[in-house]
Amino acid sequence: MGGVTAADPTDAATSRIFDRNYRLPVIGIVTVVTVVALEAMAVTTVMPTVVHALHGLRYYSWGFTIYLLADVVGMVDAGRRTDRDGPTPSLLGGMLLFAAGLLVAATATDIWVFLIGRALQGVGGGSMIVPLYVVVARAFPPSLHTRAFALMSAAWVLPSLIGPGLAGLVASSVGWRWVFGGIAPVAVAGALILVPVVRTIRHDAADNEFRSSARGSALNGLSLALGLGAIQEAAQLANAWAPLVAAAGFALCARPLLTLLPQGWLRLSHGLPTVVVLRGVVTCAFFGAEAYLPLTLTRLHGGTPRTVGIPLTVASLGWSAASWWQSHTKRDRASLLRIGFAVLAVGVLLLLVVARPAASLWAAVPIWMVAGAGIGVVMPIVSALVLELSPESDQGANAAAIQLSDMTGSILGIAGVAVLVNGLGLDRLSTAVTIGDAVLASVAVLGALAAGRIRPAAK
């Protein structure tokens with residue numbers, strides 16, 4: 001099938017990300033990431049307002065994790081579907097489903113309807129991000145992969161600059177519902193823009209073996225989502241049932257993780273298995289801490305919807321700047337990963353300052369920018385390595401694997417802090433986030449220690 005193909009390796013040295021040959025894929029990448037980023041920044045900012053309005057404070061963390069759980073289902077399905085049918089169905093369908101979820105959330109009359117909307121957004125988001133990796137793999141030469149992923153990070157800049165402030169302004173003036181309803185038309189427009197983009201991407205249809213494996217993967221995705229959901233619910237219970245629910249959750253997760261992630265990930269085998277695990281490590285440390293930062297700033301420091309989003313904005317700026325830096329430096333990737341994880345560990349650990357009620361709310365601004373720089377170094381390198389270590393026939397499956405690791409890490413990080421917050425109570429929020437952030441910083445340190453195993457073992 002004709003369309004955009006990777007540049008000849010002999011031209012790699014002269015290829016540029018904004019060359020005419022790559023214009024349409026660049027438009028597609030920026031469109032998808034901008035919509036997802038705008039939603040993410042806005043939702044994180046207004047979540048305290050939403051749960052207060054819908055009388056659902058107990059389900060605060062579910063506002064984040066229900067999206068991630070549904071994301072898992074969408075990603076697993078999109079991984080096999082993309083290898084079989086190409087990126088078009090998942091990209092366009094995912095964008096429209098994402099928009100539908102936004103409208104459901106905007107019209108929610110109680111916390112349960114709101115969570116259903118978030119679940120629809122999650123399935124749509126998961127369906128979009130996996131084929132986006134395949135677009136990068138098939139539309140750009142390997143020499144431009146890290147820059148393509150840096151571009152994805154850069155696409156967060158504008159949403160990061162306007163998203164939190166605009167979301168806070170809208171929530172304070174006309175209501176939080178318009179935050180969700182206002183993004184929905186942008187998602188629909190994004191789907192329309194993507195039509196000419198995905199038509200240019202080459203796809204060689206796979207054989208019918210993918211049809212049975214796709215169904216199996218969908219069941220694994222559902223099992224993993226249910227397992228992670230049980231773990232999250234156990235974190236909320238804070239009673240005698242919590243260990244049993246958590247054990248059931250881990251049991252449901254075991255088979256899908258063993259099946260869907262590269263063989264050898266449990267023992268951190270060299271190469272792809274370690275690369276995939278590192279994705280989960282970095283998201284566990286970063287998003288586990290970030291999910292409770294707005295609540296900390298609201299409850300301990302009296303932050304408003306307008307102000308609590310500012311640290312999230314500067315973190316994304318740090319993320320984008322660090323992504324650009326890593327794509328232009330000559331350092332080897334293992335060293336860069338060690339640097340990124342170390343910087344992230346410092347940023348998360350410094351949140352212990354913000355956890356003190358006597359501290360200034362504004363201390364979170366430079367601190368979280370440091371953490372953003374750390375994850376900004378790690379993410380593009382890990383993403384590029386997955387593509388480089390994957391044969392073309394497995395690019396969708398391995399893109400799904402890295403996203404599953406991403407979501408699993410995020411949910412475990414958020415659930416871990418939730419155990420502390422719900423166990424100790426909001427009256428001891430300072431103690432809970434202090435312990436949680438210290439543990440998450442240690443997780444980032446473990447990532448730095450494992451970075452040397454990204455190289456495939458010598459044969």
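Given the structure is predicted, the values throughout are model-derived calculations rather than measurements.

About the criteria used
- Residues numbered from 1 in each chain as written.
- Predicted model: local features only at pLDDT ≥ 70, side-chain atom pairs only at ≥ 80, totals over all residues.
- Heavy atoms only, no water.
- Helix = DSSP H or I, 4+ residues; strand = E, 2+ residues; numbered from the N terminus.
- Rg over C-alpha atoms; globule rule 2.2 N^0.38 Å.
- Buried < 20%, exposed > 50% of the residue type's maximum accessible area, 1.4 Å probe, protein only.
- Contact = heavy atoms within 4.5 Å.
- Core = buried A, V, L, I, M, F, W, Y, C linked by side-chain atoms within 4.5 Å.
- Axes fitted to C-alpha atoms, helices over the stretch in contact; angles between N-to-C directions.
- Parallel < 35°, antiparallel > 145°, perpendicular 65-115°, else oblique.
- Nonpolar A, V, L, I, M, F, W, Y, C, P; charged D, E, K, R; others polar.
- Disulfide = S-S within 2.5 Å.
- Patch = residues over 30% accessible without salt bridge, like charges linked within 9 Å, V, L, I, M, F, W, Y side chains within 5 Å.
- Areas by Shrake-Rupley, 256 points an atom, 1.4 Å probe, with all protein chains shown as cover.
- Salt bridge = Lys/Arg side-chain N within 4 Å of Asp/Glu carboxyl O.
- Polar contact = N/O pair within 3.5 Å; in protein donor to acceptor, adjacent residues only side chain to side chain.
- pLDDT = per-residue confidence, 0-100.
- Phe/Tyr/Trp six-rings, centres within 6.5 Å; stacked < 30°, edge-to-face > 60°.

Caption draft 1: How the structure looks around the overall build of the chain. What the chain contains, in helices and strands, is 17 helices and zero strands. For the chain, whose C-alpha radius of gyration is 21 Å, the value lies close to the compact-globule estimate of 23 Å for 459 residues. Expressed as lengths along the three principal axes of its C-alpha atoms, the size of the chain is roughly 60 × 45 × 40 Å. Every one of the 459 residues in the chain was classed for burial, and the buried ones make up 58%. A separation threshold of at least 6 residues defines the contact pool for the chain, and within that pool the share at least 24 residues apart is 84%.

Caption draft 2: How the structure looks around the nonpolar core. Counting residues in hydrophobic clusters, the biggest one holds 146 residues, and the most contacted among them are Phe 114, Phe 140, Phe 180, Tyr 292 and Trp 368. The element contributing the most residues to this core is helix H15 (residues 364-388), with 14 residues. In this structure, Trp 368 is in contact with Phe 286, Ala 289, Glu 290, Leu 293, Pro 311, Leu 312, Ala 315, Gly 347, Val 348 and Leu 351, ignoring residues within four places of it in sequence.

Caption draft 3: Structural view of the packing of helix H2 (residues 62-85) against helix H16 (residues 395-424). As a packed pair, H2 and H16 sit with axes 8 Å apart at the nearest point and diverge in direction by 170 degrees. In terms of axis orientation, H2 runs roughly antiparallel to H16. In this structure, H2 uses Phe 64, Thr 65, Leu 68, Leu 69, Asp 71, Val 72, Met 75, Val 76, Gly 79, Arg 80 and Asp 83 to contact H16, whose residues at the interface are Gln 395, Gly 396, Ala 397, Ala 400, Gln 403, Leu 404, Met 407, Ser 410, Ile 411 and Ile 414. Grouping the amino acids of the contact of H2 with H16 by side-chain chemistry returns 12 nonpolar, six polar and three charged.

Caption draft 4: Structural context of the state of the cysteines. Considering all chains together, one arrives at zero disulfides under this definition. Distance from the sulfur of Cys 253, which forms no disulfide, to the nearest cysteine sulfur (Cys 284) is 14 Å. Given a relative accessible area of 5%, Cys 253 falls into the buried group. For Cys 284, a relative accessible area of 12% puts it in the buried group.

Caption draft 5: Fine view of a nonpolar patch on the surface. Among the surface-exposed residues, Leu 158, Leu 161, Ile 162, Leu 166 and Leu 169 lie close enough to one another that they form a single nonpolar patch of about 440 Å² accessible area. Counting through the fold element by element, Ile 162 comes out in helix H6 (residues 157-173).

Caption draft 6: Region of interest: the side chain of Gln 121. By secondary structure assignment, the location of Gln 121 is in helix H4 (residues 111-139). Given the relative accessible area of 0%, Gln 121 is considered buried. In terms of polar contacts, Gln 121 uses its side chain to reach the backbone carbonyl oxygen of Gly 101, at 3.4 Å. Gln 121 has contacts with Glu 39, Tyr 67, Phe 98, Gly 101, Leu 102, Ala 105 and Phe 180, leaving out every residue within four places of it along the chain.

Caption draft 7: Looking closely at the environment of Ile 193. Looking at the element boundaries, Ile 193 is found in helix H7 (residues 177-198). Owing to a relative accessible area of 40%, Ile 193 belongs among the partly exposed residues under this scheme. The spacing of Ile 193 and Leu 92 is 101 residues in sequence and 9.7 Å in space, taken between C-alpha atoms. Not counting chain neighbours up to four residues away, the residues in contact with Ile 193 comprise Ile 27 and Thr 31.

Caption draft 8: Region of the structure containing the confidence of the model for the chain. Looking at the chain, pLDDT values average 82 and 91% of them are 70 or higher. Mean pLDDT values for the elements of the chain range from 70 in helix H8 (residues 209-237) up to 95 in helix H14 (residues 333-354). Segment residues 1-14: pLDDT under 50, and 24 contacts once partners within four positions in sequence are set aside and those in other chains are kept. Contacts for the low-pLDDT stretch residues 206-216, under 50 throughout, to residues beyond four places or in other chains number 10 contacts.

Caption draft 9: Summary view of the packing of aromatic side chains. Scanning the model with the defined rule gives 10 aromatic pairs in all. Between Tyr 60 and Phe 64, the ring centres sit 5.5 Å apart and the planes meet at 70 degrees, which makes this aromatic pair edge-to-face. Among the aromatic residues, ring-to-ring pairing joins Phe 286, Phe 287, Trp 319 and Trp 368 into one connected group.

Caption draft 10: Here's a closer look at the pattern of salt bridges. Following the criterion strictly, the structure yields five salt bridges and no others. For the salt bridge of Arg 118 with Glu 39, the shortest nitrogen-to-oxygen distance reads 2.4 Å. Residue Arg 118 is located in helix H4, and its partner Glu 39 is located in helix H1 (residues 23-53); the two are separated by 79 residues in the primary sequence. Residue Glu 39 is classed as buried on the basis of its relative accessible area, which comes to 2%. A salt bridge links Asp 406 to Arg 279, with the shortest nitrogen-to-oxygen separation between them at 2.8 Å. Of this pair, Asp 406 sits in helix H16 while Arg 279 is found in helix H10 (residues 272-291), placing the two residues 127 residues apart along the sequence. Take Arg 279: its relative accessible area is 4%, and that puts it in the buried class.

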